[in-house]
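Summary of the model geometry
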Amino acid sequence: MILTGQGISNLGDAFQFIAATTMLVKLTGSGLSAILGIIVSQIPSLILSPFAGYLGDRLKIKYVCVIIDFIRSIITLFFIGAHSPLKFYTLMFAISMLDIIYNPAKRKLITCIVSESELLMTNSLLTGVSGIAFLIGPACAGIAVVKFGADIAFYINSFTYIFSAFILFILKSRNLNVNSNNKKDKSGNSGVINEIKKGFKYFKSVPEIKDIIIISTVICSTASAINIAFFPFVFDTLRISNKEWGIMISVFNGTNFLAMLLSFLFSKNLNKKMNLYIIISVILTSWIWFFYSIVNELHIILALQFFEGTILAFCGILLGTRLQSLTNKTYLARVMSIGDIISNTGRIMGVALAYLMLGYFSESSVFLLNSALLFAFIFYKIVKG
């Protein structure tokens, strides 16, 4: 049931992403402005992350997800007829704030449904379902937007949020109805701020958790810089069409399905050699980014996207599974929200770096620098042991 709801919701997200990016390119006249606006609209929502973790650990997570899905379905409809960049960014900001609250609860919900030994398989399946949705969705969205206009994508995404909420509402599991961490501490203080502080204290007390989040943050920040450069590269330099853009997004995100197959293939060795697989994934990603800096043929870029998407999705499965399995379930949503704060801060830094560089240098320079930074980081981790 979770896989069905997640897959339908991902399909709607794929439609909305294609519609939103193509509309913003038309409204702003620039691929760089479009993607920069999408990312910057998420910045203010960072202050909600600690409270999102608190809600995920204190409330019944199923109902947190249901309510957020329902609200997102309503807000999505307001994109219809939004023909000014300000209104568009305001709505994206609202969706971003809801996502910040939704994500920690959703990730904790998974650990309440399956056992620890099943986490890797479950995360692989969720990634694969997302891959199928984004393999089909963007290409279909590109065609639908051309034929019916961008509004059709927002109608579809609104419906998929309602569908996801319905699936979660009827989901039956004893663990989903248990409130976490409801007891007061010895001082009798169980307020919001105190619970958030306890989450940070737990996070700092487990070095392995900090290490995973740092690795995820470095990948996130450098990948964000690559994405900032990639949008003007394809829209302004290569000048691709909406249909070609839909195909590119399908290729990149559809590789999530291949990542799922890889995790199944290596499942016997993944838990024992997870660090090794993470290292190899990061090194390969840095080399793919290097090749972005020296090629401009669309068919080669599509091939590189195919490999990059597969490797990053595979690495994401490993990092997410390790984090979920290491973290005490009582603090899981708060640890996830702390990870969101750190990763989003890294994302902002990556975006700022890329934006400054693009004012003076070409997109290739951004690709090259972040390739070198990612490779240098993993080399340092290897030397450190």
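Definitions and limits used
Residues numbered from 1 in each chain as written. Predicted model: local features only at pLDDT ≥ 70, side-chain atom pairs only at ≥ 80, totals over all residues. Heavy atoms only, no water. Helix = DSSP H or I, 4+ residues; strand = E, 2+ residues; numbered from the N terminus. Buried < 20%, exposed > 50% of the residue type's maximum accessible area, 1.4 Å probe, protein only. Expected span 1.5 Å × (residues − 1). Contact = heavy atoms within 4.5 Å. Polar contact = N/O pair within 3.5 Å; in protein donor to acceptor, adjacent residues only side chain to side chain. Phe/Tyr/Trp six-rings, centres within 6.5 Å; stacked < 30°, edge-to-face > 60°. Core = buried A, V, L, I, M, F, W, Y, C linked by side-chain atoms within 4.5 Å. Salt bridge = Lys/Arg side-chain N within 4 Å of Asp/Glu carboxyl O. Patch = residues over 30% accessible without salt bridge, like charges linked within 9 Å, V, L, I, M, F, W, Y side chains within 5 Å. Areas by Shrake-Rupley, 256 points an atom, 1.4 Å probe, with all protein chains shown as cover. pLDDT = per-residue confidence, 0-100. Axes fitted to C-alpha atoms, helices over the stretch in contact; angles between N-to-C directions. Left-handed = near helix turned anticlockwise from the far one by under 90°. Nonpolar A, V, L, I, M, F, W, Y, C, P; charged D, E, K, R; others polar. Parallel < 35°, antiparallel > 145°, perpendicular 65-115°, else oblique.

1. Side note on the overall build of the protein chain
Scanning the protein chain from N- to C-terminus turns up 15 helices and 0 strands. By the burial criterion, 53% of the 385 residues in the protein chain qualify as buried.

2. Here's the deal with helix H7 (residues 151-170)
The end-to-end C-alpha distance of H7, which contains 20 residues, comes to 30 Å, matching closely the 28 Å that a straight helix rising 1.5 Å per residue would cover. Taken residue by residue, H7 has Ala153, Phe154, Asn157, Ser158, Thr160, Tyr161, Ser164, Ala165, Ile167 and Leu168 as its buried positions.

3. A look at the environment of Ser286
Topologically, Ser286 is positioned in helix H12 (residues 274-292). With near-sequence residues (within four places) excluded, Ser286 lies in contact with Ser371, Leu374 and Phe375. Engagement of the side chain of Ser286 in a polar contact is seen with the backbone oxygen of Ile283, the distance being 2.6 Å.

4. What about the packing of aromatic side chains?
Throughout the structure, instances matching the rule amount to 11 aromatic pairs. Judged by centre distance (6.2 Å) and plane angle (50 degrees), the rings of Phe230 and Phe233 are tilted. You can see Phe230 and its partner Phe233 sitting in helix H9 (residues 207-237), 3 residues apart, about one turn around the helix. Exposure class is identical for Phe230 and Phe233. Each is buried. Between the aromatic rings of Phe230 and Tyr292, the centroid separation amounts to 5.6 Å while the plane-to-plane angle is 55 degrees, which identifies the pairing as tilted.

5. Things to note about the nonpolar core
One recurring pattern in soluble globular proteins is that nonpolar side chains are buried together. Counting residues in hydrophobic clusters, the biggest one holds 99 residues, and the most contacted among them are Phe88, Ile209, Phe230, Val234, Trp245 and Tyr292. For this core, the element with the highest residue contribution is H9, accounting for 16 residues. Excluding residues that lie within four positions of it along the chain, Val234 makes contacts with Arg239, Ile240, Trp245 and Met248.

6. With respect to the pattern of salt bridges
Scanning the model with the defined rule gives 6 salt bridges in all. The salt bridge partner of Arg72 is Asp69, with a shortest N-O separation of 2.7 Å. Highlighted residues: Arg72 and Asp69, both in helix H4 (residues 61-77), separated by 3 residues, approximately one helical turn. You'll find Arg72 and Asp69 in the same group, each marked buried. For Asp340, the salt bridge is made with Arg107, and the minimal N-O distance between the two is 2.9 Å. Here the residue Asp340 occupies a position in helix H14 (residues 332-358), and Arg107 occupies one in helix H5 (residues 85-113), the gap between them amounting to 233 residues.

7. Overview of a nonpolar patch on the surface
Taken together, the side chains of Met1, Tyr63, Ile67, Phe70, Ile71, Ile74, Phe78, Ile162, Phe166, Phe169 and Ile170 make up a nonpolar region of the molecular surface, amounting to roughly 1000 Å² of accessible area. Broken down by secondary-structure element, the contributors of at least two residues to the nonpolar patch are H4 and H7. In terms of residue count, H4 provides more of the nonpolar patch than any other element does, 5 residues in total. Locating Tyr63 in the fold gives a position in helix H4.

8. With respect to the environment of Cys220
Note on placement: Cys220 falls in helix H9. Those residues in contact with Cys220, other than ones at most four positions away along the chain, are Ser343 and Arg347.

9. Describing the confidence of the model for the protein chain
Per-residue pLDDT for the protein chain has a mean of 81; in total, 89% of the residues score no lower than 70. For residues 180-189, every residue scores under 50 in pLDDT, and the model assigns this stretch 15 contacts once sequence neighbours within four places are set aside.

10. Here's the deal with the packing of H9 against H14
Direction vectors running N to C along H9 and H14 enclose 35 degrees, while the axes themselves pass 7 Å from each other. The element H9 and its partner H14 pack so that their crossing is right-handed. When H9 is examined against H14, the residues Ile209, Ile213, Thr217, Cys220, Ser221, Ser224, Ala225, Ile228, Ala229 and Pro232 are found in contact with a partner set consisting of Val335, Gly339, Ile342, Ser343, Gly346, Arg347, Gly350, Val351, Ala354, Tyr355 and Leu358. Its residues placed into classes, the contact of H9 with H14 shows 13 nonpolar, 7 polar and 1 charged.

11. Considerations on H4
The end-to-end C-alpha distance of H4 is 25 Å, a good match for the 24 Å that 17 residues give at a rise of 1.5 Å each. Turning to H4, its buried residues number three or more, namely Ile61, Lys62, Val64, Cys65, Val66, Ile68, Asp69, Arg72, Ser73, Ile75 and Thr76.

12. Looking at the packing of H12 against helix H15 (residues 363-384)
Two numbers describe how H12 lies on H15: the axes approach to 8 Å, and their chain directions differ by 160 degrees. Between H12 and H15, the interaxial angle falls into the category roughly antiparallel. Where H12 crosses over H15, the two elements pack in a sense that is left-handed. Each of Ile279, Val282, Ile283, Thr285, Ser286, Trp287, Trp289, Phe290 and Tyr292 in H12 lies in contact with H15, whose residues at this interface are Phe367, Leu368, Asn370, Ser371, Leu374, Phe375, Ile378 and Ile382.

13. Quick look at the side chain of Gln324
For Gln324, the location among the structural elements is in helix H13 (residues 298-326). Contacts of Gln324, omitting those with residues within four sequence positions, involve Arg107, Ile110, Thr111, Leu119, Asn123, Leu332 and Met336.

14. Brief notes about the environment of Ala150
For Ala150, the position within the fold is in the loop between helix H6 (119-148) and H7. Exposure remark for Ala150: the relative accessible area of 14% places this residue in the buried category. Residues Ala150 and Phe79 lie 71 residues apart in sequence; the distance between their C-alpha atoms is 9.4 Å. Contact partners of Ala150, with chain neighbours within four places excluded, come to Ala19, Met23 and Val145.

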